[in-house]
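Read off the chains here:
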Amino acid sequence: MKQTLEAIQHNLNLASDLIHELKQTKEVASLKFNDVFGMTGLDDYLANSIQQHLTVIHSIDRIDILKCASYILTALNSGNKILICGNGGSAADAQHIAAEFVVKFKRFRAALPAIAINTDTSIITACGNDFSFNEIFSRQVDALGKDGDVLIAISTSGNKSIVLS
């Protein structure tokens, strides 16, 4: 729940910053809450956002998470690496997760091999230009991945073909 509230606060801070910036440029005479969030007020936004987060939290199967952790530990103990990818906000999540593996998570420990493959703009744009943007991650997995590696593909919506292909 703490993480959910932090995410909501972060989004509200971003919206506030955007409104302040737009008012400073005088391009927008009066920006309303509905213009940013598509809802009539903060209370509606908060109620909707909290309900969505609670629905997701209650649908989490801890067994699935434990299985994923087991796959990751098996890969790392076998000398393999973790490849992580996502688009938009999920790309930022992928970078954050990779940093936790490489740097540290809860305590100091040896660096673990992980990389967010959505960070190399030259590869992404070259692949998008020469092949297809639907292949920007699969092409990198072909080049960097090997048997035993783990790919973590993040999609907030769960239906982005570029992440799922």
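Conventions we followed
Residues numbered from 1 in each chain as written. Predicted model: local features only at pLDDT ≥ 70, side-chain atom pairs only at ≥ 80, totals over all residues. Heavy atoms only, no water. Salt bridge = Lys/Arg side-chain N within 4 Å of Asp/Glu carboxyl O. Helix = DSSP H or I, 4+ residues; strand = E, 2+ residues; numbered from the N terminus. Patch = residues over 30% accessible without salt bridge, like charges linked within 9 Å, V, L, I, M, F, W, Y side chains within 5 Å. Areas by Shrake-Rupley, 256 points an atom, 1.4 Å probe, with all protein chains shown as cover. Buried < 20%, exposed > 50% of the residue type's maximum accessible area, 1.4 Å probe, protein only. Axes fitted to C-alpha atoms, helices over the stretch in contact; angles between N-to-C directions. Parallel < 35°, antiparallel > 145°, perpendicular 65-115°, else oblique. Left-handed = near helix turned anticlockwise from the far one by under 90°. Contact = heavy atoms within 4.5 Å. Nonpolar A, V, L, I, M, F, W, Y, C, P; charged D, E, K, R; others polar. Pairing = 2+ DSSP bridges.

A. Quick peek at the pattern of salt bridges. Applying the stated rule across the entire model yields 1 salt bridge. The partner of Lys81 in a salt bridge is Asp149, and the shortest N-O contact between them spans 2.8 Å. Highlighted residues: Lys81 in the loop between α4 (62–77) and β1 (82–86) and Asp149 in the loop between α7 (136–144) and β3 (150–154), separated in sequence by 68 residues.

B. Region of interest: a nonpolar patch on the surface. Where nonpolar side chains cluster on the molecular surface, the patch consists of Val56, Ile57, Ile60 and Ile65 and spans about 350 Å² of accessible area. As for its placement among the helices and strands, Ile60 is situated in the loop between α3 (42–59) and α4. The class for Ile60 is partly exposed, based on a relative accessible area of 46%.

C. The arrangement of the packing of helix α6 (residues 121–130) against α7 in detail. Across the interface, α6 lies against α7 with an axial gap of 9 Å and an inter-helix angle of 115°. Comparing the axis directions of α6 and α7 gives the class roughly perpendicular. Between α6 and α7 lies a crossing of right-handed hand. Contacts between α6 and α7 pair Ile123, Ile124, Cys127 and Gly128 from the former with Ile136, Arg139 and Gln140 from the latter. A per-class count over the contact of α6 with α7 returns 4 nonpolar, 2 polar and 1 charged.

D. Layout of the pairing of β1. Of all the 5 residues making up β1, 5 are buried; the element is thus mostly covered by neighbouring parts of the structure. Here β1 shows a buried face lined by Ile82, Ile84 and Gly86 and a second buried face lined by Leu83 and Cys85. Pairing of β1 with strand β2 (residues 114–116) involves 3 bridges; the strand directions are parallel. Within β2, the residue paired with Leu83 across the bridge is Ile115.

E. Seen up close, the sheet that holds β2. Strand order across the open sheet formed by 3 strands is β2-β1-β3, with parallel pairing between neighbours. Every other strand in the sheet has two partners, leaving β2 and β3 as the edge strands with one partner each. Taken over all neighbouring pairs, the strand axes of this sheet differ in orientation by 15° on average, direction set aside. In this fold helix α5 (residues 89–102) packs onto β1, β2 and β3, with an angle of close to 160° to the strand it touches most, β1.

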